[in-house]
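Summary of the model geometry
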Amino acid sequence: MYQGKGRCACAGITYGKILHIKTPDITPAALTCQSVDQELSHLDIAINKAQIELDGLIEKARVEIGQEQAEIFEIHRMMLDDPDIVDNIRDMIKQGGISAADASIAVGKEQAAIFEALDDDYMKERSADIKDVTGRLARILRGGETVTLSESCVIVADDLQPSQTVAMDRSKILGFVLRKGTQNSHASILARTMNIPLIINANLPADLTGQGRAATESEEVLDLSGHTIALNSVKGVFYIDPDEEIVDKLKIDKDIFEQQRLRQLALRGLPGISKTGHRVHTFANIGQPDDVEQVLENDGEGIGLFRSEFLYLGRNDPPNEEEQYRAYAKVGSTMNGRLVIIRTLDIGADKKVDYFNLPVEENPALGMRALRICLTKVDIFKTQLRAIYRAAARGNIAMMFPMVTRLKEVEQAKAICAQVEQELKDEGKEYAVPKIGIMIETPAAAILSDQLAKHVDFFSVGTNDLNQYTTACDRQNQDLGDFYDPHHEAVLELLRLIAKNAHANGIPAGICGELAADPELTDLFIEMGYDELSVSPGAVLALRERVRNSETKCLNELTNSRTSLEPQKKF
Ligand code: PEP
Ligand code: MG
């Protein structure tokens, strides 16, 4: 059995046979090129057929998923008249030596690259439409068929085109697992509209022997057609050729999930407030700007943790101010007044980037990490702070520093913030001063939380690190068995202390580590007085349901508050 993971783009649990759709062959076909006139006339016939296919798809989409989604295919149909596409294909054929199919693919690639290079995410997504339309022409010209599903299956693919998604018989699609994909791609939007479980960025296997092995970025994924798959996109996990135990567990989880989901969807628009009147803001964690779609879908009341380091990973140089500004401002404006807490850079330990040129460390979790890097590489920190301050003028944005251990670090970070503010003011740039909080994720910060609370606007507890540093259990080590205990009494004691000290000083306290989603602890967190719990987007409504059903009395209510988690009125 191979166990993989990915990101949830549509929540659900399913099990079935895999149909692995390989990316359409976009290398030049082995078709012999006929005369220019013949190729031009093949193209005209293919355009005509494509128009007929698209008319059918527009109608199917309209009936099955609504006018708004059908418009995607209306755009595809218009593209068949677009001179940038069709005339370019004709010109390429006229230059001779190339078939209409190959010319379609070449022009598709060329035009798609133009859109992909644009900064605007919406325009970027249009490149998928261009590839879809030109791929359709090439398929028709090569006499290929569209995918027909003869039985119910889970679709595994590198990525999907919107037309592929809609053309398939929806009643036979159990789920999607994609190696690539984004939350905002049409395929993701369509999957959500059709309510089909979808995992994107899945680490599909290159090999299934033994426990299997995930394909590296440059490696081909094994053809998985015919294998079975069990997937729980809520948790972002999937199993290929799962054993009976996993399947039985999944079936139970699926029934429970479906009943719960219906109940929980009815909670959208309602606040997280317990039966005893304690207000818990039910927020969501995100790693990438496009995760916001999932936050809104699940009615997150805010974003309690935006892991900004994901903008820095997987590249050769750090993102510049503009790039970061756009990402933060977009999240802020999409959240439309709801609070967005951006965590400043938390690189180090298991999250490494080469371009920081950090020395190899024997104990990276105890080394140059997070705020320590920012206070050392001040230019990098300032670039991020400038982007955050500017984005704060565009949305309800707050920020917090990770891995704080003592006041001195907070003072240093705030001094740099003051410099950034002055610089922006001098430059006449538009900005706003965000609320500044800290993550409490080291025992040192928890112990000093009374003192720290006097200098910041809020606390957010990172229980993943707080546990690792308190119990000396490496969060990456899967072999620690019972020695690693998420409910370790020392960690729970610290959690109580942190909330008490926050409220004694009039600031709110939240939890954004994985423990926030633990159903066994919601009551305890209410008792301790936590004001905000931030969980993965798919888990927000389940959390809200537990909060709203809780009869636990809060023993540490925030009175005399200095700061608030409520939306700021100015936005
Ligand atoms: C944590 O430590 O609990 C946390 C939320 O931060 P991360 O998991 O990104 O270290
Ligand atoms: Mg952490």
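For the structure itself, look to the data block above.
Residues numbered from 1 in each chain as written. Chains lettered and ligands numbered in written order. Predicted model: local features only at pLDDT ≥ 70, side-chain atom pairs only at ≥ 80, totals over all residues. Heavy atoms only, no water.

Brief notes about the overall build of the protein chain
Counted only if it meets this: Only DSSP runs of H or I covering at least 4 residues are called helices, and only runs of E covering at least 2 are called strands; the numbering of each starts at the N terminus. What the globule rule says is 2.2 Å times the number of residues to the power 0.38, and the radius of gyration is computed from C-alpha atoms. Here, residues are in contact when the closest pair of their heavy atoms is within 4.5 Å. To be clear on the numbers: accessible area is Shrake-Rupley with a 1.4 Å probe, and residue cover counts the displayed protein chains and nothing else.
A tally of regular secondary structure across the protein chain gives 19 helices and 18 strands. A compact globule built from 571 residues would reach a C-alpha radius of gyration of about 25 Å, and the protein chain, at 26 Å, matches this within 12%. The dimensions of the protein chain, computed from C-alpha atoms along their principal axes, are 80 × 60 × 50 Å. Across the protein chain, the fraction of contacts at a sequence separation of at least 24, relative to all contacts at a separation of at least 6, is 70%. Counting every atom, the protein chain has about 25,400 Å² of accessible surface; 51% of that belongs to carbon and sulfur.

What about the state of the cysteines?
The condition that has to hold: Count a disulfide wherever a pair of cysteine sulfur atoms falls within 2.5 Å.
Applying the stated criterion to the full structure yields 0 disulfides. Just so you know, Cys8 is unpaired, no disulfide at all, and the nearest cysteine sulfur is the one on Cys10, 6.7 Å from it.

Structural notes on the sheet that holds strand 1 (residues 2-5)
The cut-off we apply is this: The rule for pairing is simple: two strands pair if DSSP sees at least two bridges between them. Here an axis means a line fitted to C-alpha atoms, over the contact stretch when the element is a helix, while the angle between two N-to-C directions is reported on a 0 to 180 degree scale.
As summarised here, the arrangement of the 8 strands in space is 1-10-9-3-4-5-6-2, forming an open sheet in which the pairing is mixed. Either end of the sheet is taken by a strand with one partner, and the two such strands are strand 1 and strand 2 (7-10). Sheet twist, expressed as the mean angle between neighbouring strand axes with direction ignored, is 30°. Sheet strands in contact with helix 8 (residues 244-265) are strand 3 (13-21), strand 9 (228-232) and strand 10 (237-240), and its direction is about 115° off that of strand 3.

Points about the coordination of the magnesium ion (ligand 2)
We count it as follows: The donor set comprises N, O and S atoms within 2.8 Å of the metal, extended to 3.2 Å for Na, K and Ca; water molecules are omitted, so apparent gaps in a site may simply reflect that omission. The classification of residues rests on relative accessible area computed with a 1.4 Å probe and restricted to protein chains. Under 20% of the type maximum is buried, over 50% is exposed, and intermediate values are partly exposed.
All of the protein donors around the magnesium ion (ligand 2) are Glu441 (OE) and Asp465 (OD); their distances to the metal are 2.0 to 2.1 Å. Of this pair, Glu441 sits in the loop between strand 15 (435-440) and helix 14 (443-447) while Asp465 sits in helix 16 (residues 463-471), and the two are 24 residues apart along the sequence. Taken individually, Glu441 and Asp465 each receive the classification buried, so the pair is uniform in this respect.

Here we look at the sheet that holds strand 13 (residues 339-343)
The parallel closed barrel is built from 8 strands, whose spatial order is 11-12-13-14-15-16-17-18. In this sheet, adjacent strand axes meet at a mean angle of 25° when their direction is disregarded. Where strand 14 (residues 397-401) lies against strand 15, 4 bridges are found, and the strand directions are parallel. Of the residues in strand 15, the one forming a bridge with Met399 is Ile436. Contacting strand 11 (281-286) and strand 18 (532-535), helix 19 (residues 540-549) runs over the sheet at an angle of about 160° to strand 11.

Considering a negative patch on the surface
Note the cut-off: To count toward a patch, a residue needs a relative accessible area over 30% and no salt bridge; like charges are then connected within 9 Å, while nonpolar side chains (Val, Leu, Ile, Met, Phe, Trp, Tyr) are connected within 5 Å. Any Lys or Arg side-chain nitrogen found within 4 Å of a carboxyl oxygen on Asp or Glu counts as a salt bridge. A residue counts as positive if it is Lys or Arg and as negative if it is Asp or Glu; His and the chain ends are not included. In plain terms, the charge of a residue is placed at NZ if it is Lys, CZ if Arg, CG if Asp and CD if Glu.
On the surface, Asp243, Glu244, Glu245 and Asp248 cluster together into a patch of negative charge. In this fold, Asp248 is placed in helix 8.

Re the packing of helix 3 (residues 83-94) against helix 4 (residues 100-116)
To keep things clear, this is the line we draw: Note that the term roughly parallel is reserved for angles under 35 degrees, roughly antiparallel for angles over 145, roughly perpendicular for angles of 65 to 115, and oblique for everything else. Note on convention: near helix rotated counterclockwise from far helix by under a right angle means a left-handed crossing. Clockwise means right-handed. All amino acids are sorted into three groups, where Ala, Val, Leu, Ile, Met, Phe, Trp, Tyr, Cys and Pro are nonpolar, Asp, Glu, Lys and Arg are charged, and the leftover types, Gly among them, are polar.
Where helix 3 contacts helix 4, the axes come no closer than 9 Å and their chain directions differ by 130°. In terms of orientation, helix 3 lies oblique with respect to helix 4. Seen from above, helix 3 lies across helix 4 with right-handed handedness. Across the interface between the two elements, Asp84, Ile85, Asn88, Ile89, Met92 and Ile93 of helix 3 pack against Ala100, Ala103, Ser104, Ala106, Val107, Glu110 and Gln111 of helix 4. Residue classes in the contact of helix 3 with helix 4 are distributed as 8 nonpolar, 3 polar and 2 charged.

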